[in-house]
Amino acid sequence: MQEQVNCTEVRAFVIPLAGREKKKKNWSGGSVSKAGFREGRQEDEYGKERELKEKVPTVPKAKQGAEATDPRTWSWVESTIWTDRMLTALGNGVKGGKWFSLIDKVFSSKTLAAAWHCVARNRGAAGIDDVSVSRFEVNAEVYLAELEKDLREGVFRPSGVKRVQIPKGKGKTRPLGIPTVKDRIVQTALKMAMEPVFEYEFATFSYGFRPGRGCKDALREVSQWLKEGYTFVVDADIANYFDSIPHEALMARMEDKISDGRLLDLLHKYIRSDVFEGMERWTPHRGTPQGAVVSPLLANIYLHTLDMEVAGIQGLKMVRYADDFVVMSRSEHEAKNALSTIRKWVSANGLTLHPDKTHVGDARQPGQGFEFLGYRFEAGKRTVRRSSEKALRDKIRSKTRRTKGASFQMAIEELNPMLRGWFGYFKHANPMVFKRTDGFVRRRLRSIGRKHNKQSRGTGRCLNDHKRWPNAFFAELGLFTMLEAYQTLASQSR
């Protein structure tokens, strides 16, 4: 749990506009005069829950269109910034609908200290300056004081982002941006200050990278709508979403709620930070780097207008997790109209739908199902997506190589946490996948046993191997078996 830092109540936060002239930043350069001018934790793919802070007063969410929700707890907000007074203002609304003077909350020493605790807890690799979290920790007080001074004086400049390619499956990779530790701290502070402003407006069916929400919540809602007859599904995929968000349009959305020029300028510098990959260097004009602390929040902000567009159409149910979303209806006609609406919005907002991964289908029919967050929904069944099962098998292979020289006990101790986590996420899938996976794990372990006995290479499938190392043998060693866990879960739920 993140350490709490006591702070005094922030003084007058909302600045009246009457009779004042503000400068609105023109993000393509110069300025024009105009009057009035998720790094926290989240439930990950294996179902680990986000850490929450001690509760603060609840704030009712304002009605937005046809959507109205019950009062929500705001236990996740950073108490060094969001005092009771500010939370009350959030609930009652602020003059002009915009928030001012947020930058002083960002460079507050208490906010930077809280942001540093988040970054230190999450660890992560070093950026282009090769300063790791451990190295930063040695002189943290000095570095944080330097950050506060530079931010306060307006001379802070973000460093570039180190870009690496990480495996994605089928021989493909996806880019991951790694900011420096200092930049991660500042971005975390920015997120702490900005997130409640936008979170208050987000749709209830948006689950990705949001406080107290996760994959399981989104999957639970999809299952519920299918049961209620919303079986015609638009399975949409925005091609290279994080790398395609137009900067000008994104900043315009930010200006709708925030009117602090210094904060917006700092945020703009971050999305335009130079990218370093190997010997190459360039300045991006679109997108937010995956791996940056503020990227998930910015991604949700940009898609919020799509949420509202779909929510305004009667008969449609949308469930979104970041850029992965489905729109569900009771008829094929409604689903096709929904896809047409989505195509128009995507085109008008500088994005593109993936031609091969976007389709409309009746989830009740074989071959017309859809994939969402690692699962496949088809013909009344909820199964594990093939690529998700393949990814698990690849990880099992890497931990059970015959050449590692590990004993059965060592291999099992390394496998069990991964197997438990995977089951924890996919425990609602068809149980056949658990039986297949258990058998695969035991075959890999028997193959290790053959190596220990100096036998020829084998897959552990033969009868003699089963007799020498029966299932009970691995059970006594403490091997986690998914089928047994599923059966225990099923008996408890009855």
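Thresholds, definitions, all that
Residues numbered from 1 in each chain as written. Predicted model: local features only at pLDDT ≥ 70, side-chain atom pairs only at ≥ 80, totals over all residues. Heavy atoms only, no water. Helix = DSSP H or I, 4+ residues; strand = E, 2+ residues; numbered from the N terminus. Buried < 20%, exposed > 50% of the residue type's maximum accessible area, 1.4 Å probe, protein only. Areas by Shrake-Rupley, 256 points an atom, 1.4 Å probe, with all protein chains shown as cover. Salt bridge = Lys/Arg side-chain N within 4 Å of Asp/Glu carboxyl O. Contact = heavy atoms within 4.5 Å. Pairing = 2+ DSSP bridges. Axes fitted to C-alpha atoms, helices over the stretch in contact; angles between N-to-C directions. 1 Å grid on protein atoms, 1.4 Å probe; cavity = no way out; pocket = protein on both sides within 12 Å on 5 of 7 lines; lining within 4 Å. Points joined across faces, edges and corners; volume = space filled by probe spheres on them. Nonpolar A, V, L, I, M, F, W, Y, C, P; charged D, E, K, R; others polar. Expected span 1.5 Å × (residues − 1). Bend = angle between axes of the 7 residues up to and from the residue. Patch = residues over 30% accessible without salt bridge, like charges linked within 9 Å, V, L, I, M, F, W, Y side chains within 5 Å. Lys, Arg positive; Asp, Glu negative; His and termini not counted. Charge placed at Lys NZ, Arg CZ, Asp CG, Glu CD. Core = buried A, V, L, I, M, F, W, Y, C linked by side-chain atoms within 4.5 Å. Phe/Tyr/Trp six-rings, centres within 6.5 Å; stacked < 30°, edge-to-face > 60°. Left-handed = near helix turned anticlockwise from the far one by under 90°. Parallel < 35°, antiparallel > 145°, perpendicular 65-115°, else oblique.

Engineer: How do you make sense of the overall build of the protein when you look at a structure like this?
Structural biologist: Within the protein one finds 18 helices and 13 strands. When burial is assessed residue by residue, the protein has 48% of its 494 residues classed as buried. Surface accessibility of the protein: about 24,000 Å² in total, with carbon and sulfur atoms responsible for 49%.

Engineer: Sorry if this is basic, but what is going on with the pattern of salt bridges here?
Structural biologist: Oppositely charged side chains are able to pair whenever their charged atoms sit close together. Applying the stated criterion across every chain yields a total of 21 salt bridges. The partner of Glu201 in a salt bridge is Lys257, with the nearest N and O atoms 3.9 Å apart. Taken together, the positions of Glu201 in the loop between helix H6 (181-199) and helix H7 (215-227) and Lys257 in helix H9 (residues 247-257) put the pair 56 residues apart, joining distant regions of the chain. Put simply, Asp307 and Arg320 hold a salt bridge, and the shortest N to O gap is 2.8 Å. You can see Asp307 sitting in helix H11 (residues 295-311) and its partner Arg320 sitting in strand S8 (residues 317-321), a full 13 residues away along the chain. We classify Arg320 as buried; its relative accessible area is 0%. Among the charged side chains, a salt-bridge network with shared partners connects Glu371, Arg376 and Glu378.

Engineer: Even after reading the chapter, I still don't get the environment of Pro167, so can you show me in this structure?
Structural biologist: Assignment of secondary structure puts Pro167 in strand S3 (residues 161-169). Its relative accessible area of 74% is what places Pro167 among the exposed residues. When near neighbours in sequence (up to four residues on either side) are disregarded, Pro167 contacts Lys172 and Thr173.

Engineer: Can you help me understand the sheet that holds strand S11 (residues 370-372) in this one?
Structural biologist: The strands that make up a sheet are held in pairs by hydrogen bonds between backbone atoms, and each pair lies either parallel or antiparallel. Here we have 3 strands laid out as an open sheet, ordered S11-S12-S13, and antiparallel in their pairing. The open sheet has two edge strands, S11 and strand S13 (381-384), and neither has a second partner. Taken pair by pair, the neighbouring strands of this sheet meet at an average axis angle of 30°, ignoring direction. By the bridge criterion, 3 bridges tie S11 to strand S12 (residues 375-378) in an arrangement that is antiparallel.

Engineer: How should empty space enclosed by the protein be read in this particular structure?
Structural biologist: The probe, sized like a water molecule, is rolled over the atoms to show the empty space still left. As a volume, the second largest cavity reaches approximately 60 Å³. Among the elements of the structure, helix H10 (261-271) and H11 are those that each provide at least two residues to the lining of the second largest cavity. Looking at the lining of the second largest cavity, its residues break down into 8 nonpolar, 3 polar and no charged.

Engineer: I would appreciate a short explanation of helix H14 (residues 408-426) in the present structure.
Structural biologist: Structural remark: α-helix, 3.6 residues per turn; residues separated by three or four positions point the same way. Given a rise of 1.5 Å per residue, 19 residues ought to cover 27 Å, and the 26 Å separating the end C-alpha atoms of H14 matches this to within 8%. Taken as a whole, H14 carries its principal kink of about 30° at Leu415; the proline Pro417 stands between one and four residues after it.

Engineer: Honestly, unusual backbone geometry in this entry has me stumped. Any pointers?
Structural biologist: Glycine aside, negative phi is the norm for most residues, and most peptide bonds take the trans geometry. With a phi angle near 55°, Ser101 is a residue other than glycine that sits in the positive phi range. Along the polypeptide, Ser101 turns up in the loop between helix H1 (84-92) and helix H2 (103-106). Residue Ala379 is not a glycine yet carries a positive backbone phi of 50°. As for its position among the elements, Ala379 is in the loop between S12 and S13.

Engineer: What is the right way to read a positive patch on the surface from this model?
Structural biologist: Positive charge collects at one region of the surface, where Lys168, Lys172, Arg174 and Lys357 lie side by side. Tracing the backbone shows Lys172 in strand S4 (residues 172-178).

Engineer: I would appreciate a short explanation of the nonpolar core in the present structure.
Structural biologist: Within soluble globular proteins, side chains that are nonpolar generally end up buried alongside one another. With 82 residues, the main nonpolar core has Trp116 and Ile185 as its most contacted residues. Top contributing element to this core by residue count: H6, with 10 residues. The contacts of Ile185, once residues within four sequence positions are left out, are Leu112, Ala115, Trp116, Val119, Phe136, Leu144 and Leu147.

Engineer: Is there a simple way to think about the packing of aromatic side chains in this case?
Structural biologist: Centre distance and the angle of the planes are the two values used to describe a pair of aromatic rings. Within the structure shown, the criterion is met by 22 aromatic pairs. Both rings, one in Phe370 and one in Phe377, keep their centres 5.1 Å apart while their planes meet at 15°; by these two values the pair is stacked. Looking at Phe370, the relative accessible area reads 1%, which means it is buried. According to the relative accessible area criterion, Phe377 is buried, its value standing at 4%. When the ring of Tyr375 is compared with that of Tyr425, the centres are 5.9 Å apart and the planes differ by 40°; the resulting orientation is tilted.

Engineer: Looking at this structure, I do not really get the sheet that holds S8. What am I missing?
Structural biologist: Ordered by their spatial adjacency, 4 strands build an open sheet running S8-S9-S5-S10, and the pairing between neighbours is antiparallel. Single-partner strands in this sheet number two, and they are S8 and strand S10 (359-362). Strand-to-strand, the axes of this sheet are offset by a mean angle of 20°, without reference to chain direction. Bridge analysis of strand S5 (residues 232-237) against S10 gives 4 bridges, and the strand direction is antiparallel. Within S10, the residue paired with Phe232 across the bridge is Asp362. The sheet strands contacting H7 are S5, S8 and strand S9 (324-329), and the helix crosses S8 at an angle near 160°. Its contacts with the sheet place helix H12 (residues 332-348) against S5, S9 and S10, and it is angled at close to 20° to S5.

Engineer: Explain the packing of helix H3 (residues 109-122) against H6 to me, please; I cannot follow it from the model alone.
Structural biologist: Packed helices, taken two at a time, are described by their axes: the angle between them and the distance between them. The contact between H3 and H6 brings their axes to 8 Å, and the two run at 115°. Classified by chirality, the crossing of H6 by H3 is right-handed. Residues Thr111, Leu112, Ala114, Ala115, Trp116, Cys118 and Val119 of H3 form the contact with H6, whose own contacting residues are Val181, Arg184, Ile185, Thr188, Ala189 and Met192. Residue composition of the contact of H3 with H6, grouped by class: 10 nonpolar, 2 polar and 1 charged.

Engineer: Just checking my understanding: could you explain the packing of helix H5 (residues 140-153) against H6 for this structure?
Structural biologist: Remark: H5 packs on H6, axes separated minimally by 11 Å, with the N-to-C direction vectors making an angle of 60°. What the angle tells us is that H5 and H6 run oblique. Between H5 and H6 lies a crossing of right-handed hand. Contact with H5, carried on its side by Tyr143, Leu144, Glu146, Leu147 and Leu151, involves Lys182, Ile185 and Val186 of H6 and no other residues of that element.

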